[in-house]
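An overview of the molecular structure
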Amino acid sequence: MSATVFVIGSSNTDMVIKASKLPAPGETVIGGTFLMNPGGKGANQAVAAARLALISSDTGASPTVTFVANVGNDVFGRQALQQFEREGIRSEFISTDADEPSGVALIGVDSRGENSIMVASGANARLDQHQVANALASISEPASTVILLQLETPLPTVEYAIRQGYERGMRVVLNPAPAQVLDPAVLACLYAITPNETEAELLTSIRVTDETTARQAAQHLHTMGVPNVVITLGARGAYVSSAGSDTPPALLPAPPVTAVDTTAAGDCFNGALAVALAEGKALADAVAFACKAASISVTRLGAQASLPHRPEVDAIPL
Ligand code: ADP
């Protein structure tokens, strides 16, 4: 049986400036350093998954990673396609839009590693159901397929993918970022949802600050029909809760590191989680694996540039 991860989402070019502080409205901050990287939550998660989907000594499994996206007919789109090829990502369902430019993100990072991001979606805003339908039609082993989605592409396309994946017996994981209110009927089709604290608050109206409030938010999401809830809690790790499971909910700690840039931490976490699930790991083990991978990503500057390869993650003890 060949496991597959299908990431459906955005591809952007990230223009990153690291400076002493983030500018307030109307303020100019001078003295930063500049980096340009391919990014976008979808692309970041696809690259994270591809770098981690190597044959591992402990599982022997090696999922393929396919990315479904739209790029513009411009230099950024071509660079992104080349990057996906270098990373070993299957890209036959990535379209080049004739009219819209590739997506661009402007990212500021301060000296503490906090970030602030503006995105011009461009071609990402035209990822449609037809494209998703084509991609999902190619899947021959739904039971061993994990679909990973975020919210940087049109909501109707995301909702269509969730429903189709569910109906065909695939496990659908939604990283509900950036935060948006979602249709409860669609939430009930998910295998798992992976909000951070802000996103969990938007979805549940519960302010998540610690393990107790994470448990309350997870319970709320269970009552909305989501069987598995993983709330990422930054440096504290991730809270994992499965409805009706023998495994009790738990806060799985993040390995302690010195963070320099948290830009793609959530993306790294989600790509890693999808790979581990596709490999057949139990949810809690997959979350522990994702915490290890994401802890490496925060020690490095940039988005895709910060994403670790499998041997680096396997080298961190449990
Ligand atoms: P997002 O980037 O989406 O806001 P989080 O900040 O919750 O998400 O981070 C996602 C995951 O990245 C966390 O669950 C954790 O595993 C890891 N992580 C984030 N910040 C740190 C940190 N300072 N040290 C170690 N791991 C971290």
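Here strand β6 (residues 103-109) pairs with strand β7 (residues 115-120) via six bridges, running antiparallel. Bridge pairing links alanine 105 to valine 119 in β7. Counting the residues between successive antiparallel strands, the hairpin from β6 to β7 contains five residues, one of them, glycine 113, with a positive phi of roughly 90°.

Summed over the entire model, instances satisfying the criterion amount to twelve salt bridges. With its nearest N and O atoms 2.9 Å apart, the salt bridge here joins arginine 126 to aspartate 97. Of this pair, arginine 126 sits in the loop between β7 and α3 (129-137) while aspartate 97 is found in strand β5 (residues 90-97), placing the two residues 29 residues apart along the sequence. Ionic pairing is found between arginine 310 and glutamate 279, a salt bridge with its closest N-O pair at 2.8 Å.

Okay, helix α8 (residues 265-278) next. Along an α-helix, a turn takes 3.6 residues, which lines up residues three or four apart on a common side. Taking 1.5 Å as the rise per residue, α8 with 14 residues should run 20 Å; its terminal C-alpha atoms sit 20 Å apart, in good agreement. For α8, a buried count of 13 out of 14 residues is recorded, marking the element as mostly surrounded by other parts of the structure. Glycine 280 sits one or two positions beyond α8 and adopts a positive phi of about 100°.

This part covers the site of the ligand. The immediate surroundings of the ligand are formed by 17 residues, with Asn196, Thr232, Gly234, Gly237 and Gly266 found nearest. Between an oxygen atom of the ligand and a side-chain N or O atom of threonine 232, the distance comes to 2.8 Å. Notes on the ligand: free accessible area 550 Å², of which the protein chains cover 85%. Listing elements by their share of the shell around the ligand, those giving two or more residues are α8 and α9 (283-297). Its residues assigned to classes, the shell around the ligand shows eleven nonpolar, six polar and no charged.

Before going further, it helps to examine the sheet that holds strand β3 (residues 33-39). Ordered in space as β3-β2-β6-β7, the four strands form an open sheet in which the pairing is mixed. Lying at the two open borders of the sheet, with one neighbouring strand each, are β3 and β7. Each strand of the sheet is rotated relative to its neighbour by a mean of 20°, with strand direction disregarded. One ladder, built from seven bridges, connects strand β2 (residues 12-18) with β6; its direction is parallel. From the neighbouring strand, aspartate 14 faces β6, where its bridge partner is alanine 105. The sheet strands contacting helix α2 (residues 75-86) are β2, β3 and β6, and the helix crosses β3 at an angle near 70°.

Topologically, asparagine 37 is positioned in strand β3. If we ignore the near neighbours within four places in the chain, the residues touching asparagine 37 are Asn12, Thr13, Asp14, Gly302, Ala303 and Ala305.

The next thing to look at is the pairing of strand β8 (residues 145-149). For β8, the buried fraction is high: five of the five residues fall into the buried class. Of the two faces of β8, the one lined by Thr145, Ile147 and Leu149 and the one lined by Val146 and Leu148 are each fully buried. Strand direction decides the pairing type here: strand β1 (residues 4-8) and β8, joined by five bridges, are parallel. Paired with valine 7 across the strands is leucine 148, a residue of β8. Relative to strand β9 (residues 171-174), β8 runs parallel, the two being bridged by four bridges.

The rules we used
- Residues numbered from 1 in each chain as written.
- Predicted model: local features only at pLDDT ≥ 70, side-chain atom pairs only at ≥ 80, totals over all residues.
- Heavy atoms only, no water.
- Pairing = 2+ DSSP bridges.
- Helix = DSSP H or I, 4+ residues; strand = E, 2+ residues; numbered from the N terminus.
- Salt bridge = Lys/Arg side-chain N within 4 Å of Asp/Glu carboxyl O.
- Expected span 1.5 Å × (residues − 1).
- Buried < 20%, exposed > 50% of the residue type's maximum accessible area, 1.4 Å probe, protein only.
- Near = heavy atom within 4 Å.
- Polar contact = N/O pair within 3.5 Å; in protein donor to acceptor, adjacent residues only side chain to side chain.
- Areas by Shrake-Rupley, 256 points an atom, 1.4 Å probe, with all protein chains shown as cover.
- Nonpolar A, V, L, I, M, F, W, Y, C, P; charged D, E, K, R; others polar.
- Axes fitted to C-alpha atoms, helices over the stretch in contact; angles between N-to-C directions.
- Contact = heavy atoms within 4.5 Å.

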